[in-house]
Amino acid sequence: KAGVTQTPRYLIKTRGQQVTLSCSPISGHRSVSWYQQTPGQGLQFLFEYFSETQRNKGNFPGRFSGRQFSNSRSEMNVSTLELGDSALYLCASSLGQHNEQFFGPGTRLTVL
Amino acid sequence: QQQVKQSPQSLIVQKGGISIINCAYENTAFDYFPWYQQFPGKGPALLIAIRPDVSEKKEGRFTISFNKSAKQFSLHIMDSQPGDSATYFCAAESGGSYIPTFGRGTSLIVHP
């Protein structure tokens, strides 16, 4: 069974640009969560989607948004990039809210 | 405000030794405490988890000890092996939100 896949794996952008990251969950998983990982702040929850609906949202500015499609694939978008947005963005999928999360390898975003 | 404090930040252990990582939390609403293991270039993976109705949970060489009154929990890795070298994160979730709060992580190196 294929694991969680994230594309692209690496991305370099400049300040002010926007970026879209993609996540394909494990087949059959309907819940997708996004996390930001940085050396300074550690792992922080961004948002969670289930059946195309955002169920939970972390404490991030509105520049961070996401969506989930009918096939459970998810995208997250960051607009007006700032230097501080440089991070590893992780996606995790699970069968539902009460189930174990399986993480993808992440997308390493560098903002110059 | 860091709701889950993890220590130490880094740990070096000899092969065969015991690795101990500690976490403390503040929010008494937390009722699920997972530990994740992350290797370089990979996303975190669930290692073991505990709920506050038990004081200890053991899976192979990995044991969680939980002290509800002190609001502390720890991960013990017995007979540590070089393959255990990774970053370990503790986390806490409350039944109401299922949004995990992570500790800052512990980088474990096990020398052969």
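For the structure itself, consult the block above.
Going along each chain's sequence as written, the residues are numbered from 1 onward. Chain letters and ligand numbers both follow the written order, the letters beginning at A and the numbers at 1. For this predicted model, a pLDDT threshold of at least 70 governs which residues receive local features, and a threshold of 80 or more governs which side-chain atom pairs are given and counted, while totals over whole chains, interfaces and linings are taken from all residues. Only heavy atoms go into the side-chain values, all of them from the structure, while hydrogens and water stay out.

K.L.:
What exactly am I supposed to notice about the sheet that holds strand β3 (residues 19–25) of chain B here?
P.N.:
By way of backbone hydrogen bonds, the strands of a sheet pair with one another, either parallel or antiparallel. Residue and element names in this part refer to chain B. If you walk across this open sheet you meet the five strands as β1-β3-β8-β7-β6, and the pairing is antiparallel. Every interior strand has two partners, whereas the edge strands, β1 (4–7) and β6 (56–59), have only one. Ignoring strand direction, the axes of neighbouring strands in this sheet form an average angle of 15°. As paired elements, strand β7 (residues 62–67) and strand β8 (residues 72–77) share six bridges and run antiparallel to each other. Bridging across to β8, serine 65 finds its partner in serine 74. One requirement defines pairing of two strands: DSSP has to find at least two bridges between them. Numbering goes from the N terminus for both helices and strands, where a helix is a DSSP run of H or I of at least four residues and a strand is a run of E of at least two. Where helices are involved, their axes are fitted lines through C-alpha atoms of the stretch in contact, as for all axes, and angles between N-to-C directions lie from 0 to 180°.

K.L.:
Quick question: what am I supposed to make of the pattern of salt bridges here?
P.N.:
Pairs can form between side chains of opposite charge whenever their charged atoms are close. In the sections that follow, a salt bridge refers to a side-chain nitrogen of Lys or Arg positioned within 4 Å of a carboxyl oxygen of Asp or Glu. This model, assessed by the stated rule, comprises seven salt bridges over all chains. Between aspartate 84 of chain B and arginine 61 of chain B there is a salt bridge, and its shortest N-O distance comes to 2.8 Å. Of this pair, aspartate 84 of chain B sits in the loop between β8 and β9 (86–94) while arginine 61 of chain B is found in the loop between β6 and β7, placing the two residues 23 residues apart along the sequence. Three exposure classes are used, based on accessible area relative to the maximum for each residue type with a 1.4 Å probe and protein chains only: buried under 20%, partly exposed in between, and exposed over 50%. The class of aspartate 84 of chain B is buried, set by a relative accessible area of 5%. Look at arginine 61 of chain B and you get partly exposed, because its relative accessible area is 26%. Salt bridges sharing partners connect three or more residues here, namely Arg63, Glu82 and Asp85 of chain A.

K.L.:
Help me out: how do you make sense of the interface of chain B and chain A in this one?
P.N.:
For an interface, size is often stated in terms of accessible area lost upon the parts coming together. By definition, residues are in contact when any of their heavy atoms lie within 4.5 Å. Residue-level contacts link 14 residues of chain B with 19 residues of chain A. Linking chain B with chain A are zero salt bridges. Pairs of N or O atoms within 3.5 Å make up the polar contacts considered here, provided that, within protein, one atom can donate a hydrogen while the other can accept it, and that residues adjacent in sequence are counted only when both atoms are side-chain atoms. Where chain B packs against chain A, one counts three residue pairs in polar contact (both at pLDDT 80 or more). When grouped by side-chain class, the residues that make up the side of chain B that touches chain A number eight nonpolar, four polar and two charged. Each residue is assigned to one class: nonpolar for Ala, Val, Leu, Ile, Met, Phe, Trp, Tyr, Cys and Pro, charged for Asp, Glu, Lys and Arg, and polar for all the others, Gly among them.

The quantities given are spatial measurements derived from coordinates; they are silent on function.
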